[in-house]
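As a plain string of letters, each chain reads:
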Number of protein chains: 2
Amino acid sequence: MKKYNVAILGATGAVGREMIKVLEERNFPVNELRLLASARSVGKKITFCGKEIAVEEACENSFKGMDIVLGAASNDLAKQMAPHIKAAGAVFVDNSSAFRMDPNVPLVVPEINPEDAMKHNGIISNPNCSTIITLVAINAINEISPIKSIIASTYQAVSGAGAGGFAELNEQTKAIVEGGEIKSEVFPYQIAQNLIPQIGGFTDNLYTTEEMKMQNEGRKILHLPDLNVTCTCVRVPVLRSHSISAVVVTENKITPAEAQAAIAKAKGCKLVDDPVAKAYPMPLDTSDQDLVFVGRVREDLTSENGLALFCCGDQIRKGAATNAVQIAELFVK
Amino acid sequence: MKKYNVAILGATGAVGREMIKVLEERNFPVNELRLLASARSVGKKITFCGKEIAVEEACENSFKGMDIVLGAASNDLAKQMAPHIKAAGAVFVDNSSAFRMDPNVPLVVPEINPEDAMKHNGIISNPNCSTIITLVAINAINEISPIKSIIASTYQAVSGAGAGGFAELNEQTKAIVEGGEIKSEVFPYQIAQNLIPQIGGFTDNLYTTEEMKMQNEGRKILHLPDLNVTCTCVRVPVLRSHSISAVVVTENKITPAEAQAAIAKAKGCKLVDDPVAKAYPMPLDTSDQDLVFVGRVREDLTSENGLALFCCGDQIRKGAATNAVQIAELFVK
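Analysis parameters
Residues numbered from 1 in each chain as written. Chains lettered and ligands numbered in written order. Predicted model: local features only at pLDDT ≥ 70, side-chain atom pairs only at ≥ 80, totals over all residues. Heavy atoms only, no water. Helix = DSSP H or I, 4+ residues; strand = E, 2+ residues; numbered from the N terminus. Buried < 20%, exposed > 50% of the residue type's maximum accessible area, 1.4 Å probe, protein only. Contact = heavy atoms within 4.5 Å. Buried area = accessible area lost by both parts, 1.4 Å probe. Salt bridge = Lys/Arg side-chain N within 4 Å of Asp/Glu carboxyl O. Polar contact = N/O pair within 3.5 Å; in protein donor to acceptor, adjacent residues only side chain to side chain. Pairing = 2+ DSSP bridges. Axes fitted to C-alpha atoms, helices over the stretch in contact; angles between N-to-C directions. Right-handed = clockwise from strand over helix to strand, strands pointing away. Least-squares fit on C-alpha atoms with pLDDT ≥ 70 in both.

(A) Spotlight on the environment of Phe187(A). Residues and elements named next belong to chain A. You can see Phe187 is positioned in the loop between α5 (163-178) and α6 (209-222). Residue class for Phe187 comes out buried when judged on its relative accessible area of 5%. Through-space distance from the C-alpha of Phe187 to that of Gly218 is 26 Å; in sequence the pair is 31 residues apart. Setting aside anything within four residues of it in sequence, one finds Phe187 in contact with Val158, Ala161, Gly165, Glu168, Ile196 and Arg235.

This is the structure:
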């Protein structure tokens, strides 16, 4: 089997570190692994397959000889480095939102639209985390009858704000128990034992950027240009799995039993839907693994052709790192 | 002003204790306050207006001489005591769900349908907590144009399961910080840093009893027999305020600005909706007060005549105790 030279841009963040873990777990055929980050991380060492690798500063010349670059950095750094990655002849699988809506850049969830990845011009974008988790959950429904609209309310873990979000929830939780001062630096308000109904900045239509991603990215991934999505994104005091309560309206009627049967067979999904046994998706159960758990499937009571459901998935893994590595796997020969 | 003899049935629970506090805060014209609970609470003393009152065991003869009985007990105890309360000539304002759907029993949110209370035959039911908070938030919209449907996802605090729910989240949080064993007795699974998408038992249509209350009780309170509601109820690790993400479809188009203006003037509501200032409803801000905070008002992107919004309210107060005392106030002369 051919082995690949892989670079990780932003290797020391929550998603970058998870990418290293996922490459090892999935036995990705790595020849050289190059770990790139900002100057302040230079010299840090991270273990990959039993070998310590020193973090290097990301610069224009960092990509020579690389086959694949997995991006886990900011939009700005992704934009700055993209031409140099392309010039080096590597494929850039980018988790930032910088290129997602560029018509020349495929936006890929491997369980849904792997064929799109083959049309790349050097860059493939990894979608938004809540979008990935929701679309993996409902893709089987869309394959039975095209989805016309989605109303989604999210319950998003603090890991979505990176390693700092994780630390902030843990520190605030400690302060609640021990009586210390509650400091909010990553989030605008206390998140422990609270909810914050804002993720991303506000746009002109009063939705946040995060909320509009589900419609914009959903249209592109599902090839449904007329898909309408009303999304409300809420940060919750949960560590790493995102959950979504969704109502999905399809062109034709699908019964809950038909949907459940399709979800049970769908790639990347685990149907967890047994009310008698109190079995339904919960964020604690989906943490640190790659499947999207789907349950609470039932008829929408407000439309003829709607289904309601609840799904959870690990934001750092399937919502980011694993999806990016799965995209890279599409090119392994 | 006339003074009233008031009994509280279930005086030692989370809602009962809050009723005592609310009666005092609102200067309800109390002559005698009688505190009734189960045998195991007899002898406990609770302070009301600077005076200690001993808890008595609730029995058939407990209601003689009472004008008003505020019920904060189980459905079973409410059903058992209702005939005796009626025989004693008192009005029973009951927070249990025992009588809510009885066509002879008014179901009242004083900001919405106070006139219904006047048609009582001895019993007036206090609605479900999430239903009260959601309906107070959207009543002003319904007054502009009748609501046809609601899609709601809830973020419900642990206080909805009573004082035990409160204690369980606190104990689990302590165990997370201190490394102890996490015990789940009130909730079926760990709730700290987790979500549980089940509140109440499951019904034949795969919705929970809690989820169906928003449609069933909403129809009765709003006098909208054809109202359709798809509700997903989720327990979140928040102490006492419930939050609801709702999409409301009305007969005629209402702009976000029209809705905001109406909500700002609506009884029982506080409009908190200023994206630039990062102002939106959050459960920490609504705890221990009586208003329902409403924000994130914007157009529904999936329908012609829909609005999306997010609201929060204190579950123990406006969702239960305060609403019951407000119903009693309708009878104060």
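(B) Expanded view of the interface of chain A and chain B. Taken together, the 60 residues of chain A in the interface contact 60 residues of chain B. Both faces combined, the contact of chain A with chain B buries some 5200 Å², and carbon together with sulfur accounts for 64% of it. Of all residues in chain A, the largest losses of buried area upon contact with chain B belong to Gln193(A), Leu195(A) and Leu301(A), amounting jointly to 14% of the total for that side. For the pair chain A and chain B, the number of links is four salt bridges. Here Arg296(B) ties to Glu211(A) by a salt bridge, and the two come within 2.7 Å at their closest N and O atoms. Taken together, the connections running from chain A to chain B amount to 28 residue pairs in polar contact (both at pLDDT 80 or more). Of all the secondary-structure elements, those providing two or more residues to the side of chain A that touches chain B are β9 (147-155), α5, α6, β10 (228-232), β11 (241-250), α8 (283-286), β13 (292-299) and β14 (306-314) of chain A.

(C) Local environment of the sheet that holds strand β8 (residues 123-125) of chain B. Residue and element names in this part refer to chain B. Pairing is parallel in the open sheet, where six strands are placed in the order β5-β2-β1-β6-β7-β8. Here the strands that pair on one side only, and so sit at the sheet edges, are β5 (56-57) and β8. By the bridge criterion, four bridges tie strand β1 (residues 4-9) to strand β6 (residues 68-71) in an arrangement that is parallel. The residue of β6 that forms the bridge with Ala7 is Val69. Helix-sheet contacts for helix α2 (residues 75-87) involve β1, β6, β7 (91-94) and β8, and the interaxial angle to β7 is about 165°. Those strands touched by helix α9 (residues 317-329) are β6, β7 and β8, and its axis lies near 165° from that of β6.

(D) Fine view of the pattern of salt bridges. One pass over the full model with this rule turns up 38 salt bridges over all chains. Arg298(A) is the partner of Glu211(B) in a salt bridge, and the nearest nitrogen-oxygen pair spans 3.7 Å. Residue Glu211(B) is located in helix α6 (residues 209-222), and its partner Arg298(A) is located in strand β13; the two belong to separate chains. Like Glu211(B), the residue Arg298(A) is buried in the burial classification. One network of salt bridges, with partners in common, ties together Glu18(A), Lys21(A), Glu25(A), Arg26(A), Arg240(A), Asp288(A), Asp290(A), Asp314(A), Arg317(A) and Glu329(A).

(E) Spotlight on the pairing of strand β2 (residues 30-37) of chain B. Residues and elements named next belong to chain B. With six of its eight residues buried, β2 lies for the most part within the structure. The pairing of β1 with β2 spans five bridges and is classified as parallel. In the sheet register, Ala7 faces β2, and the bridge partner there is Arg34. Regarding the hand of the β-α-β motif, the stretch spanning β1, helix α1 (residues 14-25) and β2 is right-handed. Where β2 lies against β5, two bridges are found, and the strand directions are parallel. Bridge pairing in β5 links Ala37 to Glu57.

(F) Region of interest: the environment of Val247(A). Following the sequence through the fold, Val247(A) ends up in strand β11. Judged by relative accessible area, Val247(A) falls into the buried class, the value being 5%. Leaving out residues up to four positions away in the same chain, Val247(A) has contacts with Ser149(A), Ile150(A), Ile151(A), Asp300(A), Leu307(A), Ala308(A), Ile151(B) and Thr230(B).

(G) Fine view of the sheet that holds strand β5 (residues 56-57) of chain A. Residue and element names in this part refer to chain A. The strand order across the open sheet formed by six strands is β5-β2-β1-β6-β7-β8, and the pairing between neighbours is parallel. The outermost strands of the open sheet, each flanked by one partner alone, are β5 and β8 (123-125). Where strand β6 (residues 68-71) and strand β7 (residues 91-94) come together, four bridges link them in parallel fashion. By the bridge assignment, Gly71 is partnered in β7 with Asp94.

(H) The arrangement of the relation of the copies chain A and chain B in detail. Rotating chain A by 180° and moving it 0.0 Å along the rotation axis overlays it on chain B with an RMSD of 0.0 Å. Here the symmetry operator amounts to a two-fold rotation axis.

(I) Geometry of unusual backbone geometry. Residues and elements named next belong to chain A. Residues other than glycine seldom take positive phi values, yet Gln193 does so here, at roughly 55°. Position of Gln193 relative to the elements: it lies in the loop between α5 and α6. Looking at Gln193, the relative accessible area reads 11%, which means it is buried. The backbone of Arg296 sits at a positive phi, close to 50°, despite the residue not being glycine. Secondary-structure assignment places Arg296 in strand β13.

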